[in-house]
Amino acid sequence: MKSLRKLLKKKSYVKIPLILTETNHFAITAKINGVKGRFILDTGASNTCVSFDKIDLFKLTSEASEIKAAGAGATNMETLVATKNRVEIGKWKHKKLQIVLFDLVHVNEALASHKAKTVDGIIGADVLIKGKAIIDYSDNCVFLRK
């Protein structure tokens, strides 16, 4: 595995630790618009999302959206969208990320029922694709390309 890490470092990848939660999800620390938060890393989520109640915390400017959110047992949820947001995960940065905003109460209730820490949002496939992500499940980390 050391040879893979060396290769990724040569290719300008940065290693970011993942925290395995009580629910077997990976949590990750990220900054949005300079504000640190806790997120679930979700390869099945098409977009990065933040909970409605965190709009002010992350300095998001929201607009109406036609997008309907679905996931974790909930469907057809109303959303807003915030554009041109700065996202930092470890030393990886992206300046103009669109973030979908919706009610994550059901997600945090499910986490709390398993005595897991709640989250501010979800890091989705959009970030993983932009960062050319490689997830190392054996070492609980993700590599993102600068």
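What comes next concerns the included structure. Because the structure is predicted, anything quoted here is derived from the model rather than measured. (Residues numbered from 1 in each chain as written. Predicted model: local features only at pLDDT ≥ 70, side-chain atom pairs only at ≥ 80, totals over all residues. Heavy atoms only, no water.)

## Notes on the side chain of D136
Right, so step 1: Along the polypeptide, D136 turns up in strand 12 (residues 134-136).
Right, so step 2: For D136, which is buried and forms no salt bridge, the nearest opposite charge comes from R5, at a distance of 4.3 Å.
Right, so step 3: A polar contact of 2.7 Å, which involves the side chain of D136, links it to the side chain of S138.
Right, so step 4: A polar atom in the side chain of D136 sits 3.1 Å from the backbone nitrogen of D139. (Helix = DSSP H or I, 4+ residues; strand = E, 2+ residues; numbered from the N terminus. Buried < 20%, exposed > 50% of the residue type's maximum accessible area, 1.4 Å probe, protein only. Lys, Arg positive; Asp, Glu negative; His and termini not counted. Salt bridge = Lys/Arg side-chain N within 4 Å of Asp/Glu carboxyl O. Polar contact = N/O pair within 3.5 Å; in protein donor to acceptor, adjacent residues only side chain to side chain.)

## Digging into the environment of G37
Right, so step 1: Tracing the sequence through the fold places G37 in strand 4 (residues 35-41).
Right, so step 2: Residue G37 is classed as buried on the basis of its relative accessible area, which comes to 7%.
Right, so step 3: The contacts of G37, once residues within four sequence positions are left out, are I28, T29, A30, F58 and D120. (Contact = heavy atoms within 4.5 Å.)

## Let's talk about the pairing of strand 3 (residues 26-32)
Right, so step 1: Among the seven residues that make up strand 3, five are buried, leaving the element largely enclosed by the rest of the structure.
Right, so step 2: Here strand 2 (residues 19-20) runs beside strand 3; their pairing, made up of two bridges, is antiparallel. Within the sheet, the bridge partner assigned to L20 lies in strand 3 and is F26.
Right, so step 3: In this structure, the hairpin formed by strand 2 and strand 3 is closed by a connection of five residues, where N24 is found at a positive phi of approximately 65°.
Right, so step 4: Here strand 3 runs beside strand 4; their pairing, made up of seven bridges, is antiparallel. What sits directly across from A27, in strand 4, is I40. (Pairing = 2+ DSSP bridges.)

## Quick notes on the sheet that holds strand 12
Right, so step 1: Strand order across the open sheet formed by three strands is 1-13-12, with antiparallel pairing between neighbours. Edge positions in the sheet fall to strand 1 (13-17) and strand 12, since each of these pairs with one other strand and no more. For this sheet the average axis-to-axis angle between neighbouring strands, irrespective of direction, equals 25°.
Right, so step 2: Packing against the sheet, helix 1 (residues 2-10) makes contact with strand 1, strand 12 and strand 13 (141-145), and its axis sits at approximately 125° to strand 1. (Axes fitted to C-alpha atoms, helices over the stretch in contact; angles between N-to-C directions.)

## Details of the packing of aromatic side chains
Any aromatic ring pair is given by two values, namely how distant the centres are and how the planes are angled relative to each other.
Right, so step 1: Scanning the entire structure with this criterion turns up two aromatic pairs.
Right, so step 2: Ring geometry for F26 against Y137: centres 5.8 Å apart, planes inclined by 45°, an arrangement best described as tilted. In this pair, F26 sits in strand 3 while Y137 sits in the loop between strand 12 and strand 13, placing the two residues 111 residues apart along the sequence.
Right, so step 3: On the basis of relative accessible area, F26 is assigned to the buried category, the value being 12%.
Right, so step 4: Overall, Y137 belongs to the exposed group, its relative accessible area being 54%.
Right, so step 5: Here the aromatic rings of F39 and F58 are separated by 5.8 Å at their centres, their planes lie at 45°, and the arrangement is tilted. With F39 in strand 4 and F58 in the loop between strand 5 (49-51) and strand 6 (62-64), the pair connects residues that are 19 residues apart, well separated along the chain. (Phe/Tyr/Trp six-rings, centres within 6.5 Å; stacked < 30°, edge-to-face > 60°.)

## Looking at helix 2 (residues 105-113)
Right, so step 1: The complete set of buried residues in helix 2 reads V107, N108 and L111. Taken end-on, helix 2 shows its buried residues confined to a sector of 90°, consistent with a single buried face. Exposed residues lying more than 90 degrees from the buried face of helix 2 are E109 and S113.
Right, so step 2: Where helix 2 is buried, its residues touch strand 4.
Right, so step 3: Just past helix 2, the residue K115 takes up positive phi, approximately 60°. (Arc of directions from axis to C-beta.)

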